[in-house]
Amino acid sequence: MAASRALLATVILALLGAPWLASNYQRSLLLAILADVVLAVSWAFFSGPTRYLSLATGAFFGAGAYATAVIGGRLAWPLPVLAGAAVGAAMALLVGLLALRLRGPYFAVFTFGLAELSKHVLIWYETSVTGTVGRLLLAPPSATVLYYTVLALAALAVGTALALRRSRWGYALIGIGEDEERAETLGIDTTRVKVGTFALSAAFMGAVGAAMAPRWTYLDPQVFNPLVSFQTVIMALVGGAATVVGPVAGAVFLGLVSELFLLRFRYVYMLALGLTLIAAVLLFPSGLAGLRRPSARGTEA
Amino acid sequence: MSAALLFDILVTGLITGGIYALVALGLNLQYGLMRVLNVAHGEFVMLGAYATYSLHTDWGANPLLTLLVTGPAAFTAGLVIHRLLYARVLAQAEAREALESRSLLLSFGLLFVLQNAALLIWSADLKGYSYLGTPLRVLGAVFPANRVLAAVVALGLSVGFYVYLQRSLTGKAIRALMDEPEGARLVGVNLTRLHGVCFGLGVAMAAVTGSLISMLFELTPFIGLPYTVTALVVVILGGLGNVVGSLLGALLLGVVETAGVYLVSSDIRLISSYAVLSLILILKPSGIFGR
């Protein structure tokens, strides 16, 4: 126990001191990994207990990033991040109210379509209404400011996930995942709990999108990338979505692997990612939808 | 709107719809029967297209005759994929929703693997060849011969499959399984074997469609996903496990889409597909022809 506390303290100190301790390259790698941690942890605190497989991560991340690109130059720094969070949450509220009645693969397909739909609507809007194909980001904040922004978001996401687990709200989420009708009968306002948590996780995704946007000086609608959605699911799955440590570990592992291979061997990396996903599903039957203990229910409609 | 334009939209729409019908039928067979939502479906369209492209340009094979190769090869590949991946997941006793989510994730993994394998083999450059580009004149309107041929073959295969379902013993077993899985098992239908056959047939239909469209459009390894989306829209439009619904839904979508492209703009195509999909999912998940 003492050893793990000492380790945790060391990690926290190293993360806080990174802008002075690490090289530029190491710091940007750390930034990317921290962003992945935010995505994986916030995905898992909704999809983990409820078993609603969301593939909307890329849509919320993209919305946050694009929001920064549109309004970024006009607001002082932490405000674009808050705007990104607000845009993500608003989008999730709308989508959640419509789509969270759908169960099983319908919900997954709907959320997957959302990223593609947003991308194509945005491309159409930019080319035919504003006459642009993308946005330049002017006067981005310094690398140190960005680093601490994303670090704070990661700490906040982990803190939220831990707090949720111990709360009545968290038990309600687990109850929804076990048997939604029973949860409803027991007096849980399932719509409020589901949509609220979905929006909360989307707020984190939008915020981290907004915070990461200044890393690219030029943004176009391709930032709505379905790959982000899948990587997030794989991170959480590989680590184990039922815990808080799992998604963090998955994000660190996959973040490092993708840094090593994505740019140099793009196709091989993506192919391996697909194989990893297949292996994760086949080898850890309790990994995804059975995320915690297997349910006692038989097959039913 | 002039009568000539209307006629043009209608025929072009039916040609497009005929091609959609075959892709959608394949997906419906997989999803309607075993609840495997195979989002890698369009990747098999892409692979079929590249197979025909390679057979034609490297070996000089007649594109239409390559169907005799791509179809059976894809069927075998489908059997193997079913045995190695889906049969294992489906054999686990779990709640149905959990199984559906996990087979969906398997399909996404498969999508990544197939698409990037194609990128490694054929690169991201546009590939294509021309075949039967001669114009056909029908009642004053002009249609490329290859499109008409592709649509006729696709529709012929779709209708042929429908007849096969109605007449043959395997076809009857498949229909029994769609209507009443428990009862079908009681009268001695071998579930795992039939699932494998259906998965293989679905993959074969996708690959054959790919062979046909390689005569019409240039190829990249990214052409698969839009076909998956279109097939999903058609399947959900026509109702799960509903063969006739899929046929009608495909023709309807083809005409509506063509009208959108002719009258508004070609950018509207994908947006309208996703919009239609979302609307149906929200308003009537059982499909407009659904039971």
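All values reported here derive from a predicted model rather than from experimental measurement. Here the residue numbers are simple positions, counted from 1 along each chain's written sequence. For naming, the first written chain is A and the first written ligand is 1, with later ones following in the order written. Restriction of local features to residues with pLDDT of at least 70 applies here, the model being predicted, together with a cutoff of 80 or more for giving and counting side-chain atom pairs; totals for whole chains, interfaces and linings are based on all residues.

With respect to the overall build of chain B
Rules: Counting from the N terminus, the helices are DSSP H or I runs at least four residues long and the strands are E runs at least two residues long. Computation of the radius of gyration draws on C-alpha atoms alone. For the globule rule, the value is 2.2 Å times the number of residues to the power 0.38. Once C-beta atoms are placed from the backbone, each residue is buried if 20 or more other C-beta atoms lie within 10 Å of its own, exposed if 12 or fewer, and partly exposed for counts between those two. In this description, any two residues whose backbone-derived C-beta atoms lie within 7 Å of each other are considered to be in contact.
In terms of regular secondary structure, chain B is built from eleven helices and two strands. Its C-alpha radius of gyration of 19 Å places chain B within 12% of the 19 Å reference for a compact globule of 291 residues. A buried classification covers 52% of the 291 residues belonging to chain B. Taking all contacts inside chain B whose residues are at least 6 apart in sequence as the whole, residues at least 24 apart take part in 79%.

Focus: the overall build of chain A
The helix and strand inventory of chain A stands at twelve helices and two strands. In terms of principal-axis extent, the alpha carbons of chain A reach across some 55 × 55 × 40 Å. Counting over 301 residues, chain A shows a buried share of 49%. For chain A, the share of sequence-separated contacts (at least 6 apart) that also reach a separation of at least 24 residues comes to 78%.

Re the packing of helix H10 (residues 226-239) of chain A against helix H11 (residues 245-261) of chain A
Residues and elements named next belong to chain A. Quick note on the threshold: Axes here mean lines fitted to C-alpha atoms, for a helix over just the part in contact, with angles spanning 0 to 180 degrees between N-to-C directions. Reported orientations rely on four angle classes, namely roughly parallel under 35 degrees, roughly antiparallel over 145, roughly perpendicular from 65 to 115, and oblique for the rest. Handedness of a crossing is defined here by the sense of rotation of the near helix relative to the far one, left-handed for an anticlockwise turn of less than a right angle and right-handed for a clockwise turn. Here the nonpolar group is Ala, Val, Leu, Ile, Met, Phe, Trp, Tyr, Cys and Pro; Asp, Glu, Lys and Arg are the charged ones; every other residue, Gly included, is treated as polar.
Running from amino to carboxyl end, H10 crosses H11 at an angle of 120 degrees, the nearest separation of the two axes being 7 Å. Between H10 and H11, the crossing angle belongs to the class labelled oblique. Relative to H11, the crossing made by H10 is right-handed. Along its contact with H10, which presents Gln231, Ile234, Met235, Ala236, Val238 and Gly239, the element H11 presents Gly246, Pro247, Val248, Ala249, Gly250, Ala251, Phe253 and Leu254. Tallied by class, the residues present in the contact of H10 with H11 amount to ten nonpolar, four polar and no charged.

Examining the packing of helix H3 (residues 57-71) of chain A against H10 of chain A
Residue and element names in this part refer to chain A. For the pair H3 and H10, interaxial distance at closest approach is 7 Å and the crossing angle is 125 degrees. Between H3 and H10, the crossing angle belongs to the class labelled oblique. Of the two possible hands of crossing, H3 and H10 adopt the one that is right-handed. Side by side, H3 and H10 meet where Thr57, Gly58 and Phe61 of the first sit next to Pro226, Val228, Ser229 and Thr232 of the second. Along the lines of polarity and charge, the residues of the contact of H3 with H10 split into three nonpolar, four polar and no charged.

Overview of the nonpolar core
One broad trend across soluble globular proteins is that nonpolar side chains are buried collectively. All names here are of chain A. Note the following rule: Under the definition applied here, buried Ala, Val, Leu, Ile, Met, Phe, Trp, Tyr and Cys residues are grouped into a nonpolar core through C-beta atoms within 7 Å.
Counting 179 residues, the largest nonpolar core has Val38, Val150 and Val208 as its most contacted members. At 14 residues, helix H2 (residues 24-50) tops the list of elements feeding residues into this core. Core analysis: the next-biggest nonpolar cluster, separate from the first, contains six residues, Leu173, Ala183, Ile188 and Val193 among them.

A short note on helix H6 (residues 143-165) of chain A
Residues and elements named next belong to chain A. The test is simple: Expected helix span is computed as 1.5 Å times (number of residues minus one).
The terminal C-alpha atoms of H6 lie 33 Å apart, and with 23 residues this matches the ideal 33 Å at 1.5 Å per residue to within 8%. Where H6 is concerned, the buried positions are Leu146, Tyr147, Thr149, Val150, Leu151, Leu153, Ala154, Ala157, Ala161 and Leu164. Those residues of H6 hidden inside the fold are in contact with helix H1 (2-21), H2, helix H4 (78-99), helix H7 (168-178) and helix H9 (190-212).

A short note on the environment of Ser103 of chain B
Residue and element names in this part refer to chain B. By the secondary structure assignment, Ser103 is in helix H4 (residues 96-122). Given 22 C-beta atoms within a 10 Å radius, Ser103 is considered buried. Note: C-alpha distance between Ser103 and Val264 (161 residues apart in sequence) is 38 Å. Aside from chain neighbours lying at most four places away, what touches Ser103 is Val36, Tyr86 and Val89.

Some thoughts on the confidence of the model for chain A
In regions of low pLDDT, the predicted coordinates are not meant to be interpreted in detail. Residues and elements named next belong to chain A. Basically, it comes down to this: Per-residue confidence from the prediction method is given by pLDDT, with values spanning 0 to 100.
Across chain A, the average pLDDT comes to 82, with 92% of residues at or above 70. The spread of mean pLDDT over the elements of chain A runs between strand S1 (residues 135-136), the lowest at 76, and H9, the highest at 92. The model gives residues 287-301 a pLDDT under 50, and that stretch makes 29 contacts with residues more than four places away or in other chains.

Side note on unusual backbone geometry
Although it is not a glycine, Arg51 of chain A sits at a positive phi angle of roughly 65 degrees. Mapped onto the elements, Arg51 of chain A comes out in the loop between H2 and H3. The backbone of Ser123 of chain B sits at a positive phi, close to 65 degrees, despite the residue not being glycine. As for its placement among the helices and strands, Ser123 of chain B is situated in the loop between H4 and strand S1 (135-138).

Quick look at the environment of Ile278 of chain A
Relative to the elements of secondary structure, Ile278 of chain A occurs in helix H12 (residues 266-283). In the structure, Ile278 of chain A is positioned 44 residues away from Ile234 of chain A in sequence and 9.9 Å away in space, judged by C-alpha atoms.

Remarks on the environment of Ser201 of chain A
All names here are of chain A. Locating Ser201 in the fold gives a position in helix H9. What makes Ser201 buried here is the crowd of 29 C-beta atoms within 10 Å. Along the sequence, Ser201 and Gly17 sit 184 residues apart, while their C-alpha atoms lie 28 Å from each other. With sequence-adjacent residues up to four places away left out, Ser201 is seen in contact with Ser42, Trp43, Phe45 and Phe46.

Topic: helix H8 (residues 191-213) of chain B
Here H8 of chain B spans 33 Å end to end across 23 residues, near enough to the 33 Å set by a 1.5 Å rise per residue. Summarising burial for H8 of chain B: 19 of the 23 residues are buried, a large majority.

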